[in-house]
Amino acid sequence: TKLDVLYLSKQNFIKRKLEILQKANMHNDAVTFEERVGILVNSDEFSDFEFLENLSRSLTADAPLEILAYSKSARNFEAENVLGFSNSDFKLWGAIKSTNLIDFTAKPFRFLISYYQRENVFLDFLTASSRAAFKIGFQHGVSDCFQDLTIETHPDQTEVFKTEIIKYLKIVNRID
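Residue numbers restart at each chain and count upward from 1, following the sequence in its written direction. This being a predicted model, a pLDDT of at least 70 is required before a residue's local features are given, and a value of 80 or more before pairs of side-chain atoms are given or counted; all residues contribute to the totals for chains, interfaces and linings. Hydrogens and water molecules were not included; the side-chain quantities draw on all heavy atoms of the structure.

Considerations on the pattern of salt bridges
Here is the rule we go by: In the sections that follow, a salt bridge refers to a side-chain nitrogen of Lys or Arg positioned within 4 Å of a carboxyl oxygen of Asp or Glu. Each helix is a run of DSSP H or I of at least 4 residues and each strand a run of E of at least 2, with the numbering of both proceeding from the N terminus. The buried label applies to any residue whose accessible area, calculated with a 1.4 Å probe on protein chains only, is under 20% of its type's maximum; exposed applies above 50%, and partly exposed to all values in between.
Overall, the coordinates contain six salt bridges when judged by the stated rule. Close ionic contact of Glu 35 with Arg 110 constitutes a salt bridge, the shortest N to O distance being 2.7 Å. Pair noted here: Glu 35 is in strand E1 (residues 34-42) and Arg 110 is in strand E4 (residues 109-115), with a separation of 75 residues, a long-range link. Using a relative accessible area of 39% as the deciding quantity, one classes Glu 35 as partly exposed. With its nearest N and O atoms 2.8 Å apart, the salt bridge here joins Glu 66 to Lys 107. In this pair, Glu 66 is assigned in strand E2 (residues 65-70) and Lys 107 in the loop between helix H3 (99-106) and E4, connecting sequence segments 41 residues apart. A relative accessible area of 16% means that Glu 66 is categorised as buried. One salt-bridge network, in which partners are shared between bridges, spans Glu 34, Arg 36, Glu 66 and Lys 107.

Geometric descriptors of this kind do not, in isolation, establish any biological role.
As structure tokens, then:
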């Protein structure tokens, strides 16, 4: 259908932008950051937002948290106090058209957690574009080069992910 063609076109343009960012080795070495945590999550893969809030508090107790959840079906997340987005928040050529997404990537988070494992060019592009001081995610291939720390586990293994993050952040002196 026409919508499938548009979706694939957006995906292909964003993949190309990711390849350019990867080749340019655009790694953010932010020295200044705001004491806040950002989380990108694929809600089609994982939707335990309470766990994500607890994870954020375990990293930095009082820091504000912003969760940006992707859903292919553009569902509403107001009840969970989460910002949602979908493919429709990107223009045909892959540019971001949602001010929420532009604002999110511009924030200098202390930590950005990319809580998704399946390849998703929309989430990968937001991760790569983020100005976060330290990026954490699952080990899954393409976007690994945009992460400072990757954890080899599955999103359903929440306690393993949390334990590993805390362990490694203490080793690299990012948390006490």
